[in-house]
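So you can see what is in the structure, the chains are spelled out below.
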Amino acid sequence: MTALFNFQSLMLVVLLTICTCTYLRAQAPSLVDRNKTGFIGLFWKAARIGERLSPYVSIACFVMAFQLIMH
């Protein structure tokens, strides 16, 4: 089943995208910051979400990891 039809997989993909974009922006800000519009702009927005809501994103990652281990 694809990640679009399974809510748990969709949340995992969204969390991994946010965490990856935030990490990439911390390592190479010019790579993410130059594309703020269009489809690629979604990665800039994900990086901003990861920066501003980092405590909530990290809690969500821990919850998802615990849920995957127990499942």
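Along each chain, residues carry numbers from 1 onward, in the same order as the chain's sequence is written. For this predicted model, a pLDDT threshold of at least 70 governs which residues receive local features, and a threshold of 80 or more governs which side-chain atom pairs are given and counted, while totals over whole chains, interfaces and linings are taken from all residues. Side-chain measures were taken over the full set of non-hydrogen atoms in the model, leaving aside hydrogen atoms and water.

Participant: Just checking my understanding: could you explain the pattern of salt bridges for this structure?
Facilitator: Where charged atoms from two side chains of opposite charge approach closely, those side chains can pair. Salt bridges are defined as contacts in which a side-chain nitrogen from Lys or Arg sits within 4 Å of a carboxyl oxygen from Asp or Glu. For the structure shown, the criterion picks out 3 salt bridges. One salt bridge connects D33 with R25, and the closest N-O pair in it is separated by 2.7 Å. Owing to a relative accessible area of 18%, R25 belongs among the buried residues under this scheme. When the shortest N-O distance is used, the salt bridge between R25 and E51 registers 2.5 Å. Of the two residues, R25 is situated in helix 1 (residues 7-27) and E51 in helix 3 (residues 41-52); the sequence distance between them amounts to 26 residues. When a residue's accessible area, from a 1.4 Å probe over protein chains only, is under 20% of the maximum for its type it is buried; when over 50% it is exposed; and in between it is partly exposed. Taking relative accessible area as the criterion, E51 reaches 32% and is therefore assigned partly exposed. Helical segments are the DSSP runs of H or I of at least four residues, strand segments are the runs of E of at least two, and each set is numbered from the N terminus.

Participant: What exactly am I supposed to notice about the state of the cysteines here?
Facilitator: In a disulfide, the sulfur atoms of two cysteines are covalently bonded to one another. In what follows, a disulfide is any cysteine sulfur pair within 2.5 Å. A complete count under the given rule lists 0 disulfides for this structure. Distance from the sulfur of C21, which forms no disulfide, to the nearest cysteine sulfur (C19) is 9.5 Å. A relative accessible area of 6% places C21 in the buried class. The cysteine C61 is free of any disulfide, with C19 supplying the nearest cysteine sulfur at 3.5 Å.

Participant: I keep staring at the nonpolar core and nothing clicks. Help me out?
Facilitator: Nonpolar side chains tend toward joint burial in soluble globular proteins. Ranked by size, the top nonpolar core spans 8 residues in total: L15, I18, C21, V32, A46, A47, V57 and M64. Going through the elements one at a time, helix 1, helix 3 and helix 4 (54-70) are the ones with two or more residues in this core. For this core, the element with the highest residue contribution is helix 1, accounting for 3 residues. Residues grouped as a nonpolar core are buried Ala, Val, Leu, Ile, Met, Phe, Trp, Tyr and Cys residues, joined through side-chain atoms within 4.5 Å.

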